Amino acid sequence: MYKIMKEQLISFTVAKLAKEKGFDAVTNSVYRKSGELKTHNKWDTYNAELDGICNKFGYSAATQSLLQKWLREGHEIFALVSPYPSAKKFRSDVFKLLKIESEDEALLTIMSSQFNKHNSYEEALEKGLVEALNLIK
(Lines give C-alpha, C1' and ligand atoms only; values in the text may rest on other atoms or scores of the structure.)
Protein backbone atom coordinates (compact mmCIF):
# COMPACT_ATOMS: atom_id res chain seq x y z
CA MET A 1 0.00 0.00 0.00
CA TYR A 2 1.26 3.44 -0.90
CA LYS A 3 1.07 6.38 1.46
CA ILE A 4 0.21 9.68 -0.19
CA MET A 5 2.63 12.30 1.03
CA LYS A 6 1.71 15.95 1.21
CA GLU A 7 3.98 18.92 1.71
CA GLN A 8 3.47 20.88 4.91
CA LEU A 9 1.86 24.31 4.54
CA ILE A 10 3.09 27.19 6.65
CA SER A 11 0.81 28.18 9.50
CA PHE A 12 -1.52 31.20 9.37
CA THR A 13 0.80 33.09 11.76
CA VAL A 14 3.84 32.46 9.55
CA ALA A 15 1.85 33.39 6.42
CA LYS A 16 0.98 36.79 7.94
CA LEU A 17 4.62 37.43 8.93
CA ALA A 18 5.85 36.34 5.48
CA LYS A 19 3.48 38.79 3.76
CA GLU A 20 4.73 41.61 6.02
CA LYS A 21 8.27 40.78 4.85
CA GLY A 22 7.33 40.86 1.14
CA PHE A 23 6.47 37.24 0.37
CA ASP A 24 3.64 37.30 -2.19
CA ALA A 25 3.84 34.04 -4.12
CA VAL A 26 0.69 32.83 -5.83
CA THR A 27 -0.15 29.50 -4.25
CA ASN A 28 -2.91 26.91 -4.55
CA SER A 29 -4.01 27.66 -1.00
CA VAL A 30 -4.53 30.94 0.82
CA TYR A 31 -5.54 31.99 4.29
CA ARG A 32 -8.38 34.47 4.61
CA LYS A 33 -7.88 37.24 7.16
CA SER A 34 -10.01 35.15 9.55
CA GLY A 35 -7.45 32.34 9.32
CA GLU A 36 -9.70 30.08 7.23
CA LEU A 37 -7.76 28.05 4.67
CA LYS A 38 -9.08 28.07 1.09
CA THR A 39 -7.63 25.70 -1.49
CA HIS A 40 -7.84 26.03 -5.25
CA ASN A 41 -8.30 22.82 -7.18
CA LYS A 42 -5.51 22.76 -9.77
CA TRP A 43 -7.85 21.17 -12.26
CA ASP A 44 -10.26 24.12 -12.27
CA THR A 45 -9.64 26.44 -15.18
CA TYR A 46 -9.77 29.59 -13.06
CA ASN A 47 -10.86 30.45 -9.57
CA ALA A 48 -11.49 34.20 -9.40
CA GLU A 49 -12.54 34.05 -5.76
CA LEU A 50 -9.25 32.51 -4.66
CA ASP A 51 -7.23 34.89 -6.83
CA GLY A 52 -9.00 37.86 -5.26
CA ILE A 53 -8.55 36.52 -1.74
CA CYS A 54 -4.82 35.98 -2.25
CA ASN A 55 -4.13 39.35 -3.82
CA LYS A 56 -6.32 41.58 -1.66
CA PHE A 57 -7.68 39.91 1.41
CA GLY A 58 -5.42 37.07 2.37
CA TYR A 59 -2.08 35.45 2.82
CA SER A 60 -0.27 32.89 0.67
CA ALA A 61 -0.48 29.47 2.29
CA ALA A 62 2.80 28.33 0.79
CA THR A 63 4.58 25.10 1.51
CA GLN A 64 7.40 25.30 4.01
CA SER A 65 9.85 24.40 1.27
CA LEU A 66 8.68 27.26 -1.01
CA LEU A 67 9.10 29.83 1.77
CA GLN A 68 12.48 28.29 2.64
CA LYS A 69 13.55 28.66 -1.01
CA TRP A 70 12.35 32.31 -1.12
CA LEU A 71 14.41 33.09 1.99
CA ARG A 72 17.46 31.34 0.56
CA GLU A 73 17.35 32.77 -2.97
CA GLY A 74 15.93 36.21 -2.23
CA HIS A 75 17.57 37.04 1.08
CA GLU A 76 20.49 34.59 1.44
CA ILE A 77 19.02 33.32 4.70
CA PHE A 78 19.12 29.60 5.35
CA ALA A 79 16.67 27.87 7.69
CA LEU A 80 17.93 24.35 8.35
CA VAL A 81 16.84 21.47 10.54
CA SER A 82 19.17 19.06 12.33
CA PRO A 83 18.28 15.83 14.09
CA TYR A 84 19.28 15.10 17.65
CA PRO A 85 21.38 11.95 17.47
CA SER A 86 19.94 10.14 20.47
CA ALA A 87 16.23 10.81 20.01
CA LYS A 88 13.57 11.36 17.41
CA LYS A 89 13.75 15.10 17.98
CA PHE A 90 14.86 17.99 15.79
CA ARG A 91 16.29 21.49 16.15
CA SER A 92 16.39 24.46 13.78
CA ASP A 93 19.31 26.70 12.85
CA VAL A 94 19.20 29.94 10.85
CA PHE A 95 22.21 31.22 8.91
CA LYS A 96 22.76 34.41 6.93
CA LEU A 97 25.18 34.54 4.02
CA LEU A 98 27.34 37.58 4.74
CA LYS A 99 29.93 37.57 2.02
CA ILE A 100 31.21 35.46 -0.83
CA GLU A 101 34.93 35.61 -1.62
CA SER A 102 34.69 32.96 -4.31
CA GLU A 103 32.44 30.07 -5.20
CA ASP A 104 34.53 27.88 -2.91
CA GLU A 105 34.64 30.28 0.01
CA ALA A 106 31.52 31.75 1.56
CA LEU A 107 31.18 33.30 4.99
CA LEU A 108 28.10 32.10 6.83
CA THR A 109 27.18 33.50 10.20
CA ILE A 110 24.84 31.75 12.55
CA MET A 111 22.03 34.14 13.33
CA SER A 112 19.86 31.95 15.50
CA SER A 113 19.89 28.44 16.79
CA GLN A 114 16.85 26.84 18.34
CA PHE A 115 18.28 24.19 20.59
CA ASN A 116 14.81 23.31 21.80
CA LYS A 117 13.85 19.81 20.87
CA HIS A 118 10.93 19.68 18.47
CA ASN A 119 8.85 16.57 17.95
CA SER A 120 8.91 16.72 14.15
CA TYR A 121 11.06 18.01 11.32
CA GLU A 122 8.20 20.23 10.15
CA GLU A 123 7.71 21.77 13.60
CA ALA A 124 11.42 22.61 13.83
CA LEU A 125 11.41 24.05 10.30
CA GLU A 126 8.38 26.24 11.10
CA LYS A 127 10.26 27.73 14.08
CA GLY A 128 13.32 28.30 11.89
CA LEU A 129 11.23 30.02 9.22
CA VAL A 130 9.88 32.46 11.81
CA GLU A 131 13.42 33.24 13.01
CA ALA A 132 14.58 33.69 9.40
CA LEU A 133 11.69 36.01 8.52
CA ASN A 134 12.45 38.13 11.58
CA LEU A 135 15.94 38.80 10.16
CA ILE A 136 14.44 40.68 7.21
CA LYS A 137 14.19 44.40 7.93
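Report on the accompanying structure. A quick note: this is a predicted structure, and the numbers were derived from the prediction, not measured.

Attention now moves to helix H1 (residues 12–20). Residues Val14, Ala15, Leu17 and Ala18 constitute the buried set of H1. Relative to the axis of H1, the buried residues are bounded by an arc of 165° and lie together on one face. Looking at H1, the residues exposed on the side facing more than 90 degrees away from the buried face are Thr13 and Glu20. Close packing links the buried residues of H1 with strand S1 (29–32), strand S3 (58–60), helix H3 (64–75) and helix H4 (121–133).

The nonpolar side chains of a soluble globular protein tend to be buried, and buried together. Membership of the largest hydrophobic core comes to 22 residues, with the highest contact counts inside it found for Ile10, Leu67, Leu71, Leu129, Ala132 and Leu133. Those elements that provide at least two residues to this core are H1, H3, strand S4 (77–83) and H4. Per element, the largest residue contribution to this core is five residues, and it comes from H4. In this view, Ala132 contacts Leu71, Ile77, Ala79 and Val94; residues no more than four positions away in its chain are not counted.

Take the side chain of Ser92 next. Mapped onto the elements, Ser92 comes out in strand S5 (residues 90–102). For Ser92, the side chain forms a polar contact with the main-chain oxygen of Ala124, separated by 3.4 Å.

Quick look at the pattern of salt bridges now. Inspection of the entire model under this criterion finds two salt bridges. Taking the shortest distance from any N to any O, the salt bridge between Arg32 and Glu36 comes out at 3.2 Å. Under the relative-accessibility criterion, Arg32 is labelled partly exposed at 24%. Classification of Glu36 by relative accessible area gives partly exposed; the value is 41%. In this structure, Arg91 and Asp93 form a salt bridge, with 3.1 Å as the shortest nitrogen-oxygen distance. The exposure class of Arg91 is partly exposed, given its relative accessible area of 23%.

What counts as what
Residues numbered from 1 in each chain as written. Predicted model: local features only at pLDDT ≥ 70, side-chain atom pairs only at ≥ 80, totals over all residues. Heavy atoms only, no water. Buried < 20%, exposed > 50% of the residue type's maximum accessible area, 1.4 Å probe, protein only. Helix = DSSP H or I, 4+ residues; strand = E, 2+ residues; numbered from the N terminus. Arc of directions from axis to C-beta. Contact = heavy atoms within 4.5 Å. Core = buried A, V, L, I, M, F, W, Y, C linked by side-chain atoms within 4.5 Å. Polar contact = N/O pair within 3.5 Å; in protein donor to acceptor, adjacent residues only side chain to side chain. Salt bridge = Lys/Arg side-chain N within 4 Å of Asp/Glu carboxyl O.

Just geometry here; none of it tells us what the structure is for.
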